[in-house]
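Spelled out, the chains give:
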Amino acid sequence: MRAPTVCRYCGGKIIKAKSSVLYGKGNQTIYLCTMCNAYVGCYAGTDKPMGKVANPVLRLKRQETHRIFDAYWRGQGLTRSAAYRWLARELGVPEENAHIAMMEMDECERVIRLCRDQKKEAAI
């Protein structure tokens, strides 16, 4: 994934910064919108973004999605890699696109429903 340069929310300039700019501590690299503070973190020790820039609402939805998805695959005894392969098949997308950090609100909701439905089926 390429480093973002223009904010998809407000059109503002995105700069490379450290997480301390937002949190007052930390040294992780992030890409931050100078206008609306939407941002995305980077993989540790790199300048490679982990996903798409997100505003606060989308970040919260992604966190919720991760909690539910992680609990689901762990409960199924899957590895993280196997869980993402399963998710890619279920969503009908290439595995490299089946990451929560890449998802929009509707895609997060779909993952949440999918995990909850699978859990219900397993209980029957």
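Everything here concerns the structure above.
A brief report on the enclosed structure follows. (Residues numbered from 1 in each chain as written. Predicted model: local features only at pLDDT ≥ 70, side-chain atom pairs only at ≥ 80, totals over all residues. Heavy atoms only, no water.)

Here we come to the overall build of the chain. A tally of helices and strands in the chain yields four helices and three strands. For the chain, the sequential pattern of α-helices and β-strands runs β-α-β-β-α-α-α. Reported as C-alpha extents along the three principal axes, the dimensions of the chain are approximately 50 × 25 × 25 Å. When the 124 residues of the chain are sorted by exposure, 37% land in the buried category. At a minimum sequence separation of 6, the contacts of the chain that also span at least 24 residues come to 39%. As presented, the chain carries roughly 7,700 Å² of accessible surface, and 52% of it is formed by carbon and sulfur atoms. Separation between the mean location of the 21 positive side-chain charges and that of the 12 negative ones in the chain comes to 7 Å. (Helix = DSSP H or I, 4+ residues; strand = E, 2+ residues; numbered from the N terminus. Buried < 20%, exposed > 50% of the residue type's maximum accessible area, 1.4 Å probe, protein only. Contact = heavy atoms within 4.5 Å. Areas by Shrake-Rupley, 256 points an atom, 1.4 Å probe, with all protein chains shown as cover. Lys, Arg positive; Asp, Glu negative; His and termini not counted. Charge placed at Lys NZ, Arg CZ, Asp CG, Glu CD.)

For soluble globular proteins, nonpolar side chains are generally found buried alongside one another. Within the largest apolar cluster, 16 residues are counted, with the highest numbers of intra-cluster contacts made by F69, W86, L87, M103, V111 and C115. Counting residues per element, the ones that place at least two in this core are α2 (56–75), α3 (80–91) and α4 (105–123). Setting aside residues up to four positions removed in sequence, F69 forms contacts with A83, Y84, W86, L87, I100, V111 and C115. Listed in part, the eight residues of the second largest apolar core include C7, I14, C33 and C42. (Core = buried A, V, L, I, M, F, W, Y, C linked by side-chain atoms within 4.5 Å.)

A few words on the packing of α2 against α3. Put simply, α2 and α3 touch, their axes get as near as 10 Å, and they point 110° apart. By the angle between their directions, the pair α2 and α3 is classed as roughly perpendicular. The chirality of how α2 crosses α3 is right-handed. Along its contact with α2, which presents H66, F69, D70, Y72 and W73, the element α3 presents R80, A83, Y84, W86 and L87. Its residues placed into classes, the contact of α2 with α3 shows seven nonpolar, one polar and two charged. (Axes fitted to C-alpha atoms, helices over the stretch in contact; angles between N-to-C directions. Parallel < 35°, antiparallel > 145°, perpendicular 65-115°, else oblique. Left-handed = near helix turned anticlockwise from the far one by under 90°. Nonpolar A, V, L, I, M, F, W, Y, C, P; charged D, E, K, R; others polar.)

A few words now on α3. The terminal C-alpha atoms of α3, which comprises twelve residues, lie 16 Å apart, in line with the 16 Å expected from a rise of 1.5 Å per residue. Buried within α3 are the following residues: A82, A83, Y84, W86, L87, A88 and L91. Just downstream of α3, G92 is the residue with a positive phi angle, here 70°. (Expected span 1.5 Å × (residues − 1).)

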